[in-house]
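Results of the structural survey
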Amino acid sequence: DQQVKQNSPSLSVQEGRISILNCDYTNSMFDYFLWYKKYPAEGPTFLISISSIKDKNEDGRFTVFLNKSAKHLSLHIVPSQPGDSAVYFCAASDGGTSYGKLTFGQGTILTVHP
Amino acid sequence: DVKVTQSSRYLVKRTGEKVFLECVQDMDHENMFWYRQDPGLGLRLIYFSYDVKMKEKGDIPEGYSVSREKKERFSLILESASTNQTSMYLCASRIVQVYSNQPQHFGDGTRLSIL
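Residues numbered from 1 in each chain as written. Chains lettered and ligands numbered in written order. Predicted model: local features only at pLDDT ≥ 70, side-chain atom pairs only at ≥ 80, totals over all residues. Heavy atoms only, no water.

1. Here we look at the packing of aromatic side chains
- Summed over the entire model, instances satisfying the criterion amount to 12 aromatic pairs over all chains.
- Judged by centre distance (4.7 Å) and plane angle (40 degrees), the ring pair of A:Tyr25 and A:Phe33 falls under tilted.
- Here A:Tyr25 falls in the buried class, since its relative accessible area comes to 7%.
- Under the relative-accessibility criterion, A:Phe33 is labelled buried at 1%.
- Relative to B:Phe106, the ring of A:Phe104 has its centre 6.2 Å away and its plane inclined at 75 degrees; by these criteria the two rings are edge-to-face. Of this pair, A:Phe104 sits in strand S10 (residues 103–104) while B:Phe106 sits in strand S10 (residues 105–106), each in a different chain. For the pair A:Phe104 and B:Phe106, one class covers both residues: buried. (Phe/Tyr/Trp six-rings, centres within 6.5 Å; stacked < 30°, edge-to-face > 60°. Buried < 20%, exposed > 50% of the residue type's maximum accessible area, 1.4 Å probe, protein only. Helix = DSSP H or I, 4+ residues; strand = E, 2+ residues; numbered from the N terminus.)

As structure tokens, then:
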């Protein structure tokens, strides 16, 4: 039972354009959502997060949007750069007594072409 | 900056061996986690610890155990390694703050091969 899904295994974008990565979830108890970036042979690096009380959070070139009614979140990268090429994972947590446990999606490989 | 250190980047072991993966964090974080990453499956939680000597099963605990005798160190143990435990293993830690969600911070992973 995949509670967090990233339905696009890969995405290819031209440098300077917008990258949009999508993520869907099924568990309505999730109230904290995160995006991680992972380069080969390295651990995931935290990028940006959003709490369920918000619908948008920005940090420089990265913006995360949350649509609670659709149980959907997306990560926008503008402008995209070749160094953004990596695997992107979305993750979700329910506040309760989960001790910060995260449920991850399968990941999307982003390739940004010069 | 948070530093999560995993003792080995690459490890090759044989079927039936007992395998220890070590993880140390230097930020006095309460929570620590072990995941495995497999292609197409994302990261799956094996075990986590919310404080010293406390542990909870994650989504795929079978064949694994953990130990947390000190706050900074969280060990993952493969009791009798099998080939289906060949994977990338990732350790993470997280600070606990009341009324504030905090992200997990990851080590660089251990690529474990069981022959």
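2. Description of the interface of chain A and chain B
- Taken residue by residue, the interface counts 18 residues in chain A and 22 residues in chain B.
- If you look at where chain A meets chain B, you find 0 salt bridges.
- Counting the contacts that link chain A with chain B gives 3 residue pairs in polar contact (both at pLDDT 80 or more).
- With 4 residues, the single largest contributor to the side of chain A that touches chain B is strand S4 (residues 32–38) of chain A.
- Its residues assigned to classes, the side of chain A that touches chain B comprises 10 nonpolar, 5 polar and 3 charged. (Contact = heavy atoms within 4.5 Å. Salt bridge = Lys/Arg side-chain N within 4 Å of Asp/Glu carboxyl O. Polar contact = N/O pair within 3.5 Å; in protein donor to acceptor, adjacent residues only side chain to side chain. Nonpolar A, V, L, I, M, F, W, Y, C, P; charged D, E, K, R; others polar.)

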